[in-house]
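Coordinates in review
Here is what each chain is made of, one letter per residue.
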Number of protein chains: 2
Amino acid sequence: MRFFAKTAVVLGIAGLLFPAHSFSNDTLILKDIGEYMLTRGRAYENLRYLCKDIGPRLSGGAGAAKAVEATMRMLKEAGADTVYLQPCMVPSWERGPKEEAVVQYGNNRQRLRACLLGMSKGTPDQGITAPVVMVHDFDELRALGADKVKGKIVFINYAMRPELITNGYGDAVRFRSNGPAEAGKLGAVAVMIRSVTHALDTFPHTGSTRYDKDVAPIPAFACSTVDAEWLSALLKKTPDVQLFLKATPKQGPDVLSYNVIGEIKGSRYPDEIVTVGGHLDSWDLGEGAHDDGAGCVQSIDVIGSIKALGLKPQRTIRAVMFMNEENGLNGARAYADSAEARREKHVYAIESDLGAFSPVYITLGGTPTQNARVREWLPLLRQYWVLHMPDGGPGADIGPLRRLGPMVGNMIPYSQRYFDYHHAASDRFEAVHKRELEMGAAALTAMCWLASEWGVGE
Amino acid sequence: MRFFAKTAVVLGIAGLLFPAHSFSNDTLILKDIGEYMLTRGRAYENLRYLCKDIGPRLSGGAGAAKAVEATMRMLKEAGADTVYLQPCMVPSWERGPKEEAVVQYGNNRQRLRACLLGMSKGTPDQGITAPVVMVHDFDELRALGADKVKGKIVFINYAMRPELITNGYGDAVRFRSNGPAEAGKLGAVAVMIRSVTHALDTFPHTGSTRYDKDVAPIPAFACSTVDAEWLSALLKKTPDVQLFLKATPKQGPDVLSYNVIGEIKGSRYPDEIVTVGGHLDSWDLGEGAHDDGAGCVQSIDVIGSIKALGLKPQRTIRAVMFMNEENGLNGARAYADSAEARREKHVYAIESDLGAFSPVYITLGGTPTQNARVREWLPLLRQYWVLHMPDGGPGADIGPLRRLGPMVGNMIPYSQRYFDYHHAASDRFEAVHKRELEMGAAALTAMCWLASEWGVGE
């Protein structure tokens, strides 16, 4: 691609970026916000700190506690009028020593790159060894029946479907969530899933699993997709394959933790609240860069950019670092409970929890009137390449707040790469592109600014 | 991000992906096309071959010749009804031995990561040594005047502006294109620019430069942005800095090369042509993965997917691997000249030459009536996350065809990362994400299919 081609393209598009519109002052403010993020924003350096100086931030652990302190400081540095902690109880689950997963066949042994799923029960201290039976979905599992499953380790080798462009994760994660209960029901002694990712690589991807109260809980692992392919090939040609699994996680009583909140008081309607957030906790295998350090540092820069530009929002803008999204959602509940108890008036809430990739959609989760009203802002957002505002719900952390009636939204980035990193050791600071992170911060700020200036109607 | 959040989001959006529309059959066909690309597409493996088995493909060189053979084979394998070569003369410029750029100050020497710009003159065989004078733009250069520039090496340290979201390249590349003429006019003996990239890294980025016929040509280099920062700091504190530059490129007479063309004959209007293309040549420092192996293999899969799915387009669909986009555009001219000479009827033409990133825009470069008509297809394209169809021009290779009057378009991917790789050794196969490449192939195929089925009007 040569210079004049690019220039021609850009000029061609630029004509459409600033359509005739009644929001002429906002157009300029949004330009300033974008410029701030891309030249002076703090999101990238703040993310580096969360990832490199702190690292994994699983709820209840030392990393999460440090991240509470760090983001309080960042919010103060961003110039928030008020910074405070909001208590919530969170689970205390720890992976313990590195898990072991070793395939045994004939005289051979092969170690798998595998991890325990989050919140899973452990194995006995000495581990367990059992024959492996492979299935590709729950239909195959049920067809085997208890006769062929009892006493065995079920390997669910369901590959995330490549042809599903947006909902491959929702489709595949069923096996991570329900695998232990479905296999346990038939008498399996453990379950191992293929990691939920499009990537063919050597990272095991963790994530919460759950148990049915009527089924005895069994340990639940995930192996990397490369290992899943290898094991699948082995099982097809080798009749007698045993798997040794060992994991000794610790789960104690719930412990006290916090949401971290910083806000700019509204100049005209201080009691009307616009919330923007991400979640501060992360899984323990990676640095929680995309999931969801990004959403936190972007939300902090919503505050930082508005203060640095000397803007005075009419409504209160509140940045929330939610605790415990990954394995409990207790921070999100605490936030909604507190809002209800204090009879706060929440007008709009949006979150960023789908990775630090460039935003392209913002969902509109209000009344039809509100959605139509906010959709009028789309031409303003196009300068950041936010191109679509479909009706749609919020993310997990804003979910509980819905009962208080605010309009909600979710920032959806272009995320074909997201599941390469999701819940794995590959979710590191180096996987985040600075400009893409900053584009997201700009889009969130724009939405918060417009909601605080114009309200979202009824 | 947890499973139910993602699921909720996706379901929320999914409702909008397939709006009520009169193109119900096309909706299904486009779904098949997407599924083909993401499960059976050949684009990624073909790109691997172009990058890893062939490598750099500068016009007139051995790599380009191999790529002509390889893409002929790929088009045949894709099932094209006809595959043929279209001759064009191309420059023969070779970089020669690795360039040298060494800073000398006091008793110190520091080698810079630098390269000669494309089409630049060389230095004398023994190299040149001269004092360095740094400027940040042409105003500073002109303010210095001939007195302070004559006999020196001008270092133009213009950083690509981070706040420009879409046109930072067009803004910065002026210095690569016009730097030699502007500095030469004032008597400089050579020029070195800061590489045109947002990234702060150690790769020099090449690209074509040019000379004014009234100004004696001087050698033109680019250094990496990291080296530019270092040299800038040095020059601010050290009065006497000399730079040794050596490069001995070879330029011979133009040589014969080819565009590679494969087509599916239209079932109903075989004389009406829909063109899709990318360029086969690349700069010599990298593998030409994003620029523009991607556009070639995507275009080949336009043919491949339509044939594999048994679709019979009404109009002729032609995939063109243009030669010599980077340093001449002679392939593009040959294509337009041939079309004119044969009085071909070209109805629509689109190209992909902005990287293998996920497509989000498609520009519409037709009459107002045509643009309005094609914009009606946008809801169909949303399943691939193509979200916007602004008026806009084509890329460089389709440009010359415009005089024959077809509607033209350009596929614009989300490309904040593009200039990290552009014209540098970092533009390697490994920098391409398989699914993003495939999404682009699907979008191109969809546009070609719809144009061939429905036409684009007048």
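Residues numbered from 1 in each chain as written. Chains lettered and ligands numbered in written order. Predicted model: local features only at pLDDT ≥ 70, side-chain atom pairs only at ≥ 80, totals over all residues. Heavy atoms only, no water.

A short note on the overall build of chain A
Of regular secondary structure, chain A possesses 13 helices and 15 strands. Scaling as 2.2 N^0.38, a compact globule of 458 residues should have a C-alpha radius of gyration of about 23 Å, and chain A matches this with 24 Å. With the C-alpha coordinates of chain A rotated into their principal frame, the extents come out at 75 × 55 × 40 Å. Per-residue burial for chain A yields a buried fraction of 66% across its 458 residues. Here chain A displays about 16000 Å² of accessible surface, and carbon together with sulfur accounts for 50% of that area. Computed over 51 positive and 52 negative side-chain charges, the inter-centroid distance for chain A is 1 Å. (Helix = DSSP H or I, 4+ residues; strand = E, 2+ residues; numbered from the N terminus. Rg over C-alpha atoms; globule rule 2.2 N^0.38 Å. Buried < 20%, exposed > 50% of the residue type's maximum accessible area, 1.4 Å probe, protein only. Areas by Shrake-Rupley, 256 points an atom, 1.4 Å probe, with all protein chains shown as cover. Lys, Arg positive; Asp, Glu negative; His and termini not counted. Charge placed at Lys NZ, Arg CZ, Asp CG, Glu CD.)

Observations concerning the domain arrangement of chain A
Residue and element names in this part refer to chain A. On domain assignment, one finds that chain A holds domain 1 (3–92 + 253–454) and domain 2 (96–248). Each of domain 1 and domain 2 was reduced to a C-alpha centroid, and the two centroids are 35 Å apart. Tallying the contact residues gives 15 residues for domain 1 and 17 residues for domain 2. Around 1200 Å² of area is buried between domain 1 and domain 2 when both sides are counted, 64% of it from carbon and sulfur atoms. Sorting elements by how many residues they give to the side of domain 1 that touches domain 2 places helix 12 (residues 418–421) first, with three residues. A breakdown of the residues in the side of domain 1 that touches domain 2 according to their chemical character gives seven nonpolar, five polar and three charged. (Domains from an automatic or database assignment. Contact = heavy atoms within 4.5 Å. Buried area = accessible area lost by both parts, 1.4 Å probe. Nonpolar A, V, L, I, M, F, W, Y, C, P; charged D, E, K, R; others polar.)

Looking at the relation of the copies chain A and chain B
Superposing chain A onto chain B takes a rotation of 180° plus a shift of 0.0 Å along the axis, which leaves an RMSD of 0.0 Å. Considering both components of the superposition, the chain copies are consistent with a two-fold axis. Taking the C-alpha atom as reference, chain A places A:Leu387 closest to the rotation axis, 2.9 Å from it. Taken as a fraction of all interface residues of chain A, those also at the interface in chain B reach 100%, which identifies the copy contact as same-surface. (Least-squares fit on C-alpha atoms with pLDDT ≥ 70 in both.)

Focus: the nonpolar core
Counting residues in each nonpolar core, the largest one holds 166 residues, and the members touching the most others are A:Tyr348, A:Trp377, A:Leu381, B:Tyr348, B:Trp377 and B:Leu381. Not counting chain neighbours up to four residues away, the residues in contact with A:Tyr348 comprise A:Ile273, A:Val274, A:Thr275, A:Ile362, A:Pro406, A:Met407, A:Val408, A:Gly409, A:Met447, A:Ala451 and A:Val456. (Core = buried A, V, L, I, M, F, W, Y, C linked by side-chain atoms within 4.5 Å.)

Things to note about the side chain of B:Ser208
Of note, B:Ser208 is situated in the loop between strand 7 (190–194) and strand 8 (220–223). Within the structure, the side chain of B:Ser208 is placed 3.0 Å from the backbone oxygen of B:Glu326, a separation counted as a polar contact. (Polar contact = N/O pair within 3.5 Å; in protein donor to acceptor, adjacent residues only side chain to side chain.)

Topic: the state of the cysteines
All names here are of chain B. Under the definition given, this model contains zero disulfides over all chains. No disulfide involves Cys296; its sulfur sits 10 Å from that of Cys51, the nearest cysteine. The cysteine Cys448 is free of any disulfide, with Cys296 supplying the nearest cysteine sulfur at 14 Å. Overall, the relative accessible area of 0% leaves Cys448 in the buried class. (Disulfide = S-S within 2.5 Å.)

What about the interface of chain A and chain B?
Of the residues lining the interface, 73 residues belong to chain A; the matching set on chain B comes to 73 residues. Together chain A and chain B conceal approximately 6300 Å² of surface at their shared face, both sides included; 64% is due to carbon and sulfur atoms. Viewed at the interface, chain B and chain A are joined by two salt bridges. Across the pair B:Arg417 and A:Glu436 runs a salt bridge, and its minimum N-O distance is 3.0 Å. Seen at the junction of chain A and chain B, the total is 15 residue pairs in polar contact (both at pLDDT 80 or more). In terms of residue count, helix 1 (residues 3–17) of chain A provides more of the side of chain A that touches chain B than any other element does, eleven residues in total. (Salt bridge = Lys/Arg side-chain N within 4 Å of Asp/Glu carboxyl O.)

Examining the sheet that holds strand 3 (residues 108–111) of chain A
Residues and elements named next belong to chain A. Within the open sheet, the eight strands sit side by side as 3-2-9-5-6-7-8-4. Their pairing is mixed. The open sheet is flanked by strand 3 and strand 4 (114–116), the only strands paired with a single partner. If you compare each strand with its neighbour and ignore which way they point, the axes differ by 30° on average. As defined by bridge partners, strand 4 adjoins strand 8 (residues 220–223) across three bridges and the pair is classed as antiparallel. Directly across from Leu116, in strand 8, lies its bridge partner Phe221. Sheet strands in contact with helix 6 (residues 168–185) are strand 6 (153–156), strand 7 (190–194) and strand 8, and its direction is about 155° off that of strand 7. Together, strand 2 (100–105), strand 3, strand 5 (128–135), strand 6, strand 7 and strand 8 form the strand contacts of helix 7 (residues 225–237), whose direction differs from that of strand 2 by roughly 20°. (Pairing = 2+ DSSP bridges. Axes fitted to C-alpha atoms, helices over the stretch in contact; angles between N-to-C directions.)

Looking at the packing of aromatic side chains
Two aromatic rings, taken as a pair, are described by how far apart their centres are and by the angle between their planes. Residue and element names in this part refer to chain A. Using the criterion set out here, one finds 24 aromatic pairs over all chains in the structure. Centre to centre, the rings of Phe138 and Phe175 are 4.5 Å apart; their planes meet at 50°, and the pair counts as tilted. With Phe138 in helix 5 (residues 138–149) and Phe175 in helix 6, the pair connects residues that are 37 residues apart, well separated along the chain. A single burial state applies to Phe138 and to Phe175, both of which are buried. Residues Tyr418 and Phe419 carry aromatic rings whose centres are separated by 5.0 Å and whose planes lie at 65° to one another, so their mutual orientation is edge-to-face. (Phe/Tyr/Trp six-rings, centres within 6.5 Å; stacked < 30°, edge-to-face > 60°.)

Describing unusual backbone geometry
Residue and element names in this part refer to chain A. For the bond from Asp291 to Asp292, the omega torsion is 0°, close enough to zero to count as cis. Tracing the sequence through the fold places Asp292 in helix 8 (residues 289–308). In this structure, Leu329 takes a positive phi of about 70° despite not being glycine. Among the structural elements, Leu329 can be located in the loop between strand 12 (315–322) and helix 9 (330–341). With a phi angle near 65°, His423 is a residue other than glycine that sits in the positive phi range.

Section: the pairing of strand 2 of chain A
Residue and element names in this part refer to chain A. Of all the six residues making up strand 2, five are buried; the element is thus mostly covered by neighbouring parts of the structure. Bridging between strand 2 and strand 9 (residues 242–246) involves five bridges; their strand directions are antiparallel. Within the sheet, the bridge partner assigned to Glu100 lies in strand 9 and is Lys246. Here strand 2 runs beside strand 3; their pairing, made up of four bridges, is antiparallel. From the neighbouring strand, Gln104 faces strand 3, where its bridge partner is Arg109.

Here we look at the packing of helix 3 (residues 43–54) of chain B against helix 4 (residues 62–77) of chain B
If you want to describe how two helices pack, look at the angle between their axes and the distance between the axes. Residues and elements named next belong to chain B. Here helix 3 crosses helix 4 at 155°, and the two axes come no closer than 11 Å. Viewed along their axes, helix 3 and helix 4 adopt a mutual orientation that is roughly antiparallel. Of the two elements, helix 3 crosses helix 4, and the hand of that crossing is right-handed. Contacts between helix 3 and helix 4 involve Asn46, Tyr49, Leu50 and Ile54 from the former and Gly63, Lys66, Ala67, Ala70, Thr71, Arg73 and Met74 from the latter. The residue inventory of the contact of helix 3 with helix 4, partitioned by class, reads six nonpolar, three polar and two charged. (Parallel < 35°, antiparallel > 145°, perpendicular 65-115°, else oblique. Left-handed = near helix turned anticlockwise from the far one by under 90°.)

Remarks on the pattern of salt bridges
Residue and element names in this part refer to chain A. According to the stated counting rule, one finds 56 salt bridges over all chains in the structure shown. Arg315 is the salt-bridge partner of Glu272, the closest N and O atoms lying 2.8 Å from each other. Linking Glu272 in strand 11 (residues 269–279) with Arg315 in strand 12, this pair joins segments that are 43 residues apart in sequence. Glu272 sits in the buried class, given a relative accessible area of 15%. A salt bridge links Glu430 to Arg428; its shortest N-O distance comes to 3.8 Å.

What about the environment of B:Ala65?
Residue and element names in this part refer to chain B. For Ala65, the position within the fold is in helix 4. Ala65 sits in the partly exposed class, given a relative accessible area of 44%. In this structure the C-alpha to C-alpha distance between Ala65 and Trp283, which are 218 residues apart in sequence, comes to 14 Å.

Some thoughts on the sheet that holds strand 14 (residues 359–362) of chain B
Residue and element names in this part refer to chain B. Spatially, 1-10-12-11-13-15-14 is the arrangement adopted by the seven strands of the open sheet, whose pairing is mixed. Only two strands of the sheet have a single neighbouring strand rather than two, namely strand 1 (82–94) and strand 14. Averaged over neighbouring strand pairs, the angle between their axes works out to 20° when direction is ignored. Here three bridges tie strand 14 to strand 15 (residues 407–413), and the two strands are oriented antiparallel to one another. Paired with Pro359 across the bridge in strand 15 is Pro413. Strand contacts of helix 13 (residues 434–454): strand 11 (269–279), strand 12 (315–322), strand 13 (345–351), strand 14 and strand 15, with the helix running at about 140° to strand 12, the strand carrying the most contacts.

Here's the deal with the side chain of B:Glu272
A polar contact is formed between the side chain of B:Glu272 and the side chain of B:Arg315, at a distance of 2.8 Å. In contact with B:Glu272, other than residues within four places in its own chain, are B:Arg315, B:Thr316, B:Lys345 and B:Val347.

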